[in-house]
Amino acid sequence: MRWRRIASQIGRSVAVWAVSTVTMLLLAGLLPDFQLQSADGDSTTRIAVTAACGAGAFGVLSAVVWPLLVRLLLLVPALVLGLLVFFLNGSLLLLALRINPSGRGAAAPETAVIVAAVMSAVASATGAALAVRDDEAYRRRLHRLATRGRRAHPPCPTTPGLVCVQLDGVGHDVLTDAVRKGLMPTVARWLATADATRPAGGGVPPAGDGASPMGGGASPAHGGAPPAGDGASPVGGGASPAHGGTSPAHGGTSPVGGGAAPTHRLTPWRTDWSSQTGASQLGILHGSNFDVPAFRWYEKDRGEVMVCNRPTSAVELQRRAVLRTGDGGLLSVDGASRGNLFSGGAGEQALVLSIATRRRSPANRSRAGYFAYFSDPANAVRTALSFVAEVAREIGQSTRARLRGQRPRVGRGGLYPFVRAFATVVERDVVVAAVLGDMLAGRTAVYADLVAYDEVAHHSGPHSRDAEKVLQRLDRSLALLERVAEHAPRPYRIVVLSDHGQSPGETFRARYGLTLGDLVRAGCGLHVPRRAERTRSGAEARAAVRAALRRPVPEREDRHRPGPARRAGRPPAGPASHGEPIVLASGNLGLVSFPDVPHRMTKEEIDARHPALLTTLANHPGIGFLLVRSEEHGGVVLGAYGAEIPLAELDDEPGPLARFGPGAADAVRRTHSFPHTADIMVNSAYDPADGEVLAFEEQIGSHGGLGGAQSRPFLLSPRELSAPAEDGAEPAGAEHVHHVLRRWLGELDGPQVPLVPGVEEERAA
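Just so it is clear, the model here is predicted, and its values are computed rather than measured.

Criteria and thresholds
Residues numbered from 1 in each chain as written. Predicted model: local features only at pLDDT ≥ 70, side-chain atom pairs only at ≥ 80, totals over all residues. Heavy atoms only, no water. Salt bridge = Lys/Arg side-chain N within 4 Å of Asp/Glu carboxyl O. Helix = DSSP H or I, 4+ residues; strand = E, 2+ residues; numbered from the N terminus. Buried < 20%, exposed > 50% of the residue type's maximum accessible area, 1.4 Å probe, protein only. Phe/Tyr/Trp six-rings, centres within 6.5 Å; stacked < 30°, edge-to-face > 60°. Lys NZ or Arg CZ within 6 Å of the ring centre and 35° of its normal. Expected span 1.5 Å × (residues − 1). Contact = heavy atoms within 4.5 Å. Pairing = 2+ DSSP bridges. Axes fitted to C-alpha atoms, helices over the stretch in contact; angles between N-to-C directions.

Novice: Looking at this model, I keep getting lost on the pattern of salt bridges. Mind explaining?
Specialist: Between side chains of opposite charge, pairing is possible as soon as their charged atoms come close. If you walk through the whole model with that rule in mind, you get 32 salt bridges. Arg 420 is paired through a salt bridge with Glu 394; the nearest N and O atoms lie 2.5 Å apart. With Arg 420 in helix 12 (residues 416–441) and Glu 394 in helix 11 (residues 377–403), this pair connects stretches of sequence that are 26 residues apart. The residues Arg 420 and Glu 394 share a single accessibility class, namely buried. In this structure, Asp 666 and Arg 669 form a salt bridge, with 2.7 Å as the shortest nitrogen-oxygen distance.

Dropping the structure here:
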């Protein structure tokens, strides 16, 4: 049988070579600046030989020189490297034509870029299609990668490992709707619903459509993708069971149709008041999100604005969590962290924001995952083409929405099309490829974040067609992970979860013509600008782009950093000394702080200083409720028409919190206990009838506060693991989810998170 395998491989290589040769001939006929013959003309046979030699030389250079070339460019920012893909590939083509034995080929530099991109894409698609027709070839490919990884690493345990995939921003209701519509057939099959049989593009997509992050697997050595000439992604046929973790044979909830038993259970859980990635992921990975009141907040004792997606803030938040819990995190033993804000204590890290500010060294590269992935020219070209296509798709969709007068709508110009393409194509492809490498290397615990849906839903809406397309692609990524798990050196249980949902609704500024900052200034008797200023959006994908470019996250609030007078204990000079507030927005949650007062102000102090402020805010129709400290009651919730409910009485008299549902009172009381809670915490209005909130940022799908689907993410877990909570209760808070995941690691006989602060040295994969 071995000779048949060798013959099959040779046949596929020859076929790819032949198709590349034909492609080169066609391009030579179409492009005037690309020639395969001398000026005097050559015979057809001579031209064909020139094309064959050129295609062969280009293929060999791509397979051999490209990985070395990428390694020489490690100091180039990752996103810049992605944009250089076309030019580097064009240079290889020019070199191939120069060393062509016939000496006939020639091309202009700009034409060489086009020819190289087309040839790489065609060769990749051809190789993928040929390998897909032979499913055993694909299986052998993964088995060979896994075997190679076992030789390079110590033997891994035979107990099951845990892979956690975070679908950023996908709420419980959005997931169930997507399953019902047939948009996520992999998830539907895991839940054994009737929708699992709908033809909605299930399985793994063909290479080149932008949904598959690799050309046939990922190298277990570095979490990247394999060389281009020898891989293909599987298409159709469904996904294989992940070593018992996702096999339809396992028991579970009663199937809705088809007779197949479910392999997973779907459980909603409640976020804290701060329903955003920074608070949720810190709690999930490190077991504590104490003193994270919002996405961004002002700390009076440090005179600094903390922003969850700023690398320096992420480092500090992780340090505080480790200090509070006494252990390194969920992934401290044989773990891998991919695409997250925080490391979780993992020894293997790639694209982790909390290590992005460290000095680069061979032992610490937060962007190493990009280079591992782009070292394969087929991956690089496929992702680059998909990136360009996604930019064009976003421009077309936003233009169509503007021409139709779609409401609500926010601006989607400037750099946003590139940010969206980065989140939906580059980040997804690189992170999924890294997780594949972790599985083939047999790591015990893996946690990865895919931010694609969250980024698109912010600007297009959580229930928009644009967001639904992203869900389809994410489902294909889950199918790919499930299939590759079959070839891993140990069984895997695949857990899918989200950190928060998103609530729809127009912006506060669009409805009322002013920002929250304007309203606060009016209540303080300060000048209000005639034209409302846009509020910066804090979508997570922007932080990933800036980290890839090695650029700091600029925040205008940095002007509030303390000067020498403040650090010496003297009152600061300037606007702050006259009572100008700092107003920050985190979705539909607003924070008002007075920087010249060193402590958290009480209601009585605020009323004495600005008698109209709290009344102005509480009675505004766009405001749901306020939280302020009280000298008499400790803390009070304020609402319209003079409502004032002490925190201790919220269970009996929820007042304005009643419409925000169960758990709202507990979430508010917990936030009140934080040392850095703002002087005034402002939650926007919420309409339970349509689930809409009013974002204080420029987002029509928002999260960060209370109200609607944003506070109800999901946990999709294999039924081999125990239920997340007893008696069907919903887990409450990200810290609860952390304890659930730790319990599951124990059930799988995995490592127990150490209770000592000594964490193994972090090493970025």
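Next, the rest of the story.
Novice: I would appreciate a short explanation of the environment of Ala 433 in the present structure.
Specialist: As for its placement among the helices and strands, Ala 433 is situated in helix 12. Considered as a pair, Ala 433 and Ser 477 are 44 residues apart in the sequence and their alpha carbons are 9.8 Å apart.

Novice: In this structure, what is going on with the packing of aromatic side chains? I would like to understand it.
Specialist: Geometry of an aromatic ring pair is reported as the spacing of the ring centres plus the angle between the planes. One pass over the full model with this rule turns up seven aromatic pairs. Between Phe 625 and Phe 660 the ring centres are 5.2 Å apart and the planes differ by 80 degrees, which places this aromatic pair in the edge-to-face class. With Phe 625 in strand 14 (residues 623–630) and Phe 660 in the loop between strand 16 (644–646) and helix 21 (664–672), the pair connects residues that are 35 residues apart, well separated along the chain. Following the ring pairs from residue to residue traces out a cluster consisting of Trp 273, Phe 625, Phe 660 and Tyr 686. When the ring centre of Phe 290 is taken as reference, the NZ or CZ atom of Arg 324 above it lies at 3.9 Å.

Novice: What is the right way to read helix 9 (residues 311–325) from this model?
Specialist: Structurally, the α-helix is built with 3.6 residues per turn, so residues lying three or four positions apart point the same way. Under the 1.5 Å per step criterion, the end-to-end length of helix 9 is 21 Å for 15 residues, consistent within 8% with the ideal 21 Å. Every buried residue of helix 9 is accounted for by Pro 311, Ser 313, Ala 314, Glu 316, Leu 317, Gln 318, Ala 321 and Val 322. The inward-facing, buried residues of helix 9 contact helix 8 (277–286), strand 5 (296–299) and strand 6 (304–307). Just downstream of helix 9 lies Gly 326, where phi reads positive at about 85 degrees.

Novice: How do you make sense of unusual backbone geometry when you look at a structure like this?
Specialist: Backbone phi values are negative for most residues with the exception of glycine, while trans is the configuration of most peptide bonds. Positive phi is not limited to glycine here, since Asp 291 has a value of about 65 degrees. In this fold, Asp 291 is placed in the loop between helix 8 and strand 5. At Tyr 641, a residue that is not glycine, the phi angle is positive and equals roughly 60 degrees. Looking at the secondary structure, you find Tyr 641 in the loop between strand 15 (634–638) and strand 16.

Novice: Where do I start with the environment of Arg 742 in this structure?
Specialist: As for its placement among the helices and strands, Arg 742 is situated in helix 22 (residues 734–747). The exposure class assigned to Arg 742 is partly exposed, which follows from its relative accessible area of 22%. C-alpha separation for the pair Arg 742 and Leu 330, spaced 412 residues apart in sequence, amounts to 6.8 Å.

Novice: Help me understand the sheet that holds strand 13 (residues 589–593), please; the structure alone is not making it clear to me.
Specialist: The sheet built from six strands is open, its strands ordered 12-13-17-14-15-16 with antiparallel pairing. In this open sheet, the two edge strands, each paired with only one partner strand, are strand 12 (582–586) and strand 16. Strand-to-strand, the axes of this sheet are offset by a mean angle of 20 degrees, without reference to chain direction. Pairing between strand 14 and strand 17 (residues 680–684): five bridges, direction antiparallel. Following the sheet pairing, Leu 627 is matched in strand 17 by Met 681. Most of the contacts of helix 21 go to strand 14, to which it runs at about 40 degrees, and overall it touches strand 14, strand 15 and strand 17.

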